[in-house]
Amino acid sequence: SGGSVRTYTFEPSFGFNAAVKVEIWNNCYTPRSHNVLYRIAHSGGETELTRDQDCNTDPFMGKWRDLGEYTFTNSEGSLTVDTTGSDNSYVGVSVVRFTVTATPEPE
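As the structure is a computational prediction, the values presented were derived from the model and not from experiment.

Okay, the sheet that holds strand E2 (residues 18–25) next. Taken in spatial order, the three strands make up an open sheet running E5-E2-E7, and their pairing is antiparallel. Only two strands of the sheet have a single neighbouring strand rather than two, namely strand E5 (64–72) and strand E7 (95–102). Across the sheet, the mean angle separating the axes of adjacent strands is 25° when strand polarity is ignored. Bridging between E2 and E5 involves eight bridges; their strand directions are antiparallel. Paired with valine 20 across the strands is tyrosine 70, a residue of E5.

Take the pairing of strand E6 (residues 78–82) next. Of all the five residues making up E6, five are buried; the element is thus mostly covered by neighbouring parts of the structure. Bridge count between strand E1 (residues 7–10) and E6: four bridges; the pairing is antiparallel. Paired with tyrosine 8 across the two strands is valine 81, which belongs to E6. Bridging between strand E3 (residues 36–42) and E6 involves five bridges; their strand directions are antiparallel. The partner of leucine 37 across the bridge, within E6, is aspartate 82.

With respect to the helices and strands, aspartate 54 occurs in the loop between strand E4 (45–51) and E5. Of the side chains with opposite charge, arginine 32 comes closest to the buried, unpaired aspartate 54, at an N-O distance of 7.6 Å. With residues up to four places along the chain from it excluded, the contact list for aspartate 54 reads Tyr29, Thr30, Pro31, Arg32, Ser33, His34 and Met61.

What follows concerns the pairing of E4. Pairing of E3 with E4 involves seven bridges; the strand directions are antiparallel. Of the residues in E4, the one forming a bridge with leucine 37 is threonine 50. Connecting E3 to the next strand, E4, in antiparallel fashion are two residues.

Rules and cut-offs
- Along each chain, residue indices are assigned from 1 in the same order as the chain's sequence is written.
- Totals for whole chains, interfaces and linings use all residues, but because this is a predicted model, local features are given only for residues with pLDDT of at least 70 and pairs of side-chain atoms are given and counted only at 80 or more.
- For side-chain calculations, the full set of non-hydrogen atoms in the structure is used, while hydrogens and water are omitted.
- Strand pairing follows a simple DSSP-based rule, namely that at least 2 bridges must link the two strands.
- Helix and strand assignments come from DSSP, with helices taken as H or I runs of at least 4 residues and strands as E runs of at least 2, each series counted from the N terminus.
- Only C-alpha atoms enter the line fits that serve as axes; for helices the fit covers just the stretch in contact. Angles between N-to-C directions range over 0 to 180 degrees.
- Only protein chains enter the accessibility calculation, which uses a 1.4 Å probe. A residue is then buried if its area is under 20% of the maximum for its type, exposed if over 50%, and partly exposed in between.
- Think of it this way: Lys and Arg go in the positive column, Asp and Glu in the negative one, and His and the chain ends go nowhere.
- Definition used for salt bridges: Asp or Glu carboxyl oxygen within 4 Å of a side-chain nitrogen of Lys or Arg.
- Residues are treated as being in contact if the distance between any of their heavy atoms lies within 4.5 Å.

Here it is as structure tokens:
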């Protein structure tokens, strides 16, 4: 609080390499930030997305929001919710879902 930056990181542990769909769900809460930074770490690096979380303006409130599909390795892959640049002190995620969509063929 007090304007400090906070991050919340979610790190699934699959134990294998996989294509993973990353989704979030937020319950209605107002006021929430209109500029929330999501960082997805994956085998190709890091992807940053900025999305709205406010109940009155976010069309995905109370629905699954797709943040994309990424390749996660045995040791890499996470979602970080970051308050950097948010325009409100209320930032969060109600639920995070990581869905394996494909795994490499066995050698």
